[in-house]
Amino acid sequence: MINWSNLDTLFLDMDGTLLDLHYDSHFWLEHLPNRYAQQFQLTPEQARQKIIPMIQAERGSLNWYCTDYWSDRLSVSVAALKAEVRDRIGYRPHVTEFLQQARTAGLNCIIVTNCHPDPLALKLEVTGLDRHVDGIVSSHQLGKPKEAIDFWADLQHWTPYNPATTLMIDDSIPVLESALSAGIAQCLAILAPDSQQAPGDPHPTIPSIAHFSEIMPLPGMRQNLPSRS
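Definitions and cut-offs
Residues numbered from 1 in each chain as written. Predicted model: local features only at pLDDT ≥ 70, side-chain atom pairs only at ≥ 80, totals over all residues. Heavy atoms only, no water. Axes fitted to C-alpha atoms, helices over the stretch in contact; angles between N-to-C directions. Helix = DSSP H or I, 4+ residues; strand = E, 2+ residues; numbered from the N terminus. Parallel < 35°, antiparallel > 145°, perpendicular 65-115°, else oblique. Left-handed = near helix turned anticlockwise from the far one by under 90°. Contact = heavy atoms within 4.5 Å. Pairing = 2+ DSSP bridges. Expected span 1.5 Å × (residues − 1). Buried < 20%, exposed > 50% of the residue type's maximum accessible area, 1.4 Å probe, protein only. Arc of directions from axis to C-beta. Right-handed = clockwise from strand over helix to strand, strands pointing away.

To continue, consider the packing of helix H2 (residues 44–56) against helix H4 (residues 67–74). Running from amino to carboxyl end, H2 crosses H4 at an angle of 140°, the nearest separation of the two axes being 12 Å. By the angle between their directions, the pair H2 and H4 is classed as oblique. Viewed along their axes, H2 and H4 form a crossing whose handedness is right-handed. Taking contact as the criterion, the partners of Ile 51, Met 54 and Ile 55 in H2 are, on H4, Trp 70, Arg 73 and Leu 74.

Right, dumping it as structure tokens:
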């Protein structure tokens, strides 16, 4: 599934890959419409009918991920509303163990995320995820989303890497297709990004897993495990 012997860099999506996507799903589909309804004297269903199509229309663009953009469009403080449900922020299964093994194996582990800096700071505050990786780059620093093929060339200015020895792990197939088109040698899809939803179907050509336990222990880690005998 993965040629670990030919890797020196590991790019990792955050939401839906390292962190449970349930937080974001709940916020955009439930909490935001409910709070919007309260502020503008609508029913929750009326609020959803207004907000969800607006959000879907921006899918794949940087605006889709931008809390400043949605605060302006909806006349609410999205960052403040996100903080109201911070208790739902959490890791996906086996993430910290996987990151520890990857770094012990000598891989340069970099989070490459579309998350806006404001919710990114909140998630790092809650989880301490930044302590488990070697760096974090937000697409907002580059001014374009990971779905854009030229994103990956621009990423070199923030964290130099060799595409031939890089693995990208993400729950977004459009992002992985973009990475492959830009020359990233290996990609891996996450099929179970949201703990409250059933796993998705495998991609016909991109390898996939539901959880990191399926590719653990990493090569070189097995000798460090307790004996089963």
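What follows is about the sheet that holds strand S5 (residues 186–190). Pairing between the strands of a sheet comes from backbone hydrogen bonds, and it takes one of two forms, parallel or antiparallel. One open sheet accounts for 6 strands, arranged S3-S2-S1-S4-S5-S6; its pairing is parallel. Two strands bound the open sheet, and with one partner strand each, they are strand S3 (135–138) and strand S6 (208–209). The pairing of strand S1 (residues 9–12) with strand S2 (residues 108–113) spans 4 bridges and is classified as parallel. Note on S2: the bridge partner recorded for Thr 9 is Asn 108. Against the sheet, helix H10 (residues 173–181) makes contact with strand S4 (166–170) and S5, and its axis sits at roughly 180° relative to S5, the strand it touches most.

Moving on, we get to H2. Look at H2: 18 Å from first C-alpha to last across 13 residues, which is about the 18 Å you get at 1.5 Å a residue. On its buried face, H2 is in contact with helix H1 (22–39), helix H3 (62–65) and H4.

This part is about helix H6 (residues 95–104). When H6 is considered as a whole, its buried residues turn out to be Val 95, Phe 98, Leu 99, Gln 101 and Ala 102. An end-on view of H6 places all buried positions within 165° of arc, on one side of the element. Residues of H6 that are exposed and point over 90 degrees away from its buried face: Gln 100 and Thr 104. In this structure, the buried side of H6 is in contact with S1, S2 and S4.

This part takes up the pairing of S5. Within S5, 5 of the 5 residues are buried, which leaves it mostly tucked inside the rest of the structure. Alternating residues of S5 divide into Gln 186, Leu 188 and Ile 190 and Cys 187 and Ala 189, and every residue in both groups is buried. One ladder, built from 4 bridges, connects S4 with S5; its direction is parallel. Following the sheet pairing, Ile 169 is matched in S5 by Leu 188. Viewed along the sheet, the connection from S4 through H10 into S5 turns out right-handed.

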